[in-house]
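Coordinates in review
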Amino acid sequence: MTWLGGVKPVEKRKLYFSERPEDPNRANSPTVFMITVDGQTPAPFNPHAIHPDITVHQGDVEDWVIENRSQESHTFHIHELHFLLTKWDGVPVDEPFLRDTINVPYWNGKSKQYPSVTLRMDFRNADTVGTFVYHCHLLEHEDGGMMGTIQVLPTSGGPGTGAGPR
């Protein structure tokens, strides 16, 4: 199989960490944690949702930009697959290893650019077909709603072709 760093992605997505007080009128209100696909409405994880937050096809490779729009650090983690870090705050990096977890630094509240990582997501393995989660790997944040679901659909063109129905 071709090294992930040498594969051209078929899609680019942006997701972002954010948070808000449950009740903005109470100083000690619990925090609501969210990870949102850019273009969707920020909301905490709903375990009863009918549709996944993201749908992809087995065989595809995608680039995901993960931004942190909150003033505390978060740790992005995804189940069932690995990814390659390709950029840190927009600056290319050359790492020779894969990950399933990465820290995303906090936003200072002033910068015009949010801290971000760019990840090359690898859906080429036939075992990645199904629905699973991605989330902040800090338990309090995950339990507080900072989680989403991804569904990987099988290809119709055979394993690794990326030729699934669109």
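Residues numbered from 1 in each chain as written. Predicted model: local features only at pLDDT ≥ 70, side-chain atom pairs only at ≥ 80, totals over all residues. Heavy atoms only, no water.

What follows concerns the packing of aromatic side chains. This structure, assessed with the given rule, holds six aromatic pairs. Consider the rings of Trp64 and Phe123, whose centres lie 6.3 Å apart with planes at 45°: the pair is tilted. Separated by 59 residues along the polypeptide, Trp64 in strand E4 (residues 61–68) and Phe123 in the loop between strand E9 (116–122) and strand E10 (130–136) bring together distant segments of the chain. Accessibility assignment for this pair places Trp64 and Phe123 in one class, buried. Ring centres of Phe76 and Phe83 lie 6.0 Å apart, and the angle between their planes is 50°; this geometry places the pair in the tilted category. Following the ring pairs from residue to residue traces out a cluster consisting of Trp64, Phe76, Phe83, Phe123 and Tyr134. Positioned above the aromatic ring of Tyr16, the side-chain terminus of Arg69 is 3.7 Å from the ring centre. (Phe/Tyr/Trp six-rings, centres within 6.5 Å; stacked < 30°, edge-to-face > 60°. Helix = DSSP H or I, 4+ residues; strand = E, 2+ residues; numbered from the N terminus. Buried < 20%, exposed > 50% of the residue type's maximum accessible area, 1.4 Å probe, protein only. Lys NZ or Arg CZ within 6 Å of the ring centre and 35° of its normal.)

A volume near 190 Å³ is recorded for the largest pocket. Along the wall of the largest pocket there are 16 residues; nearest its centre are Ile35, Gln40, Ala43, Pro44 and Asp53. Looking at the lining of the largest pocket residue by residue, the classes come out as nine nonpolar, six polar and one charged. (1 Å grid on protein atoms, 1.4 Å probe; cavity = no way out; pocket = protein on both sides within 12 Å on 5 of 7 lines; lining within 4 Å. Points joined across faces, edges and corners; volume = space filled by probe spheres on them. Nonpolar A, V, L, I, M, F, W, Y, C, P; charged D, E, K, R; others polar.)

Look at Glu80: it is not a glycine, yet its phi comes out positive at around 75°. Among the secondary structure elements, Glu80 is positioned in the loop between strand E5 (74–78) and strand E6 (83–88). Even without being glycine, Asp89 reaches a positive phi, approximately 50°. Structurally, the position occupied by Asp89 is in the loop between E6 and strand E7 (91–92).

As a further point, take the pattern of salt bridges. All chains considered together, the criterion is met by seven salt bridges. In this structure, Glu67 and Lys14 form a salt bridge, with 3.5 Å as the shortest nitrogen-oxygen distance. In this pair, Glu67 sits in strand E4 while Lys14 sits in strand E1 (residues 11–21), placing the two residues 53 residues apart along the sequence. In this structure, Asp63 and Arg120 form a salt bridge, with 2.6 Å as the shortest nitrogen-oxygen distance. With Asp63 in strand E4 and Arg120 in strand E9, this residue pair connects regions lying 57 residues apart in the sequence. Exposure class is identical for Asp63 and Arg120. Each is buried. In the salt-bridge network here, residues are joined through shared partners; they are Lys14, Asp38, Glu67 and Arg69. (Salt bridge = Lys/Arg side-chain N within 4 Å of Asp/Glu carboxyl O.)

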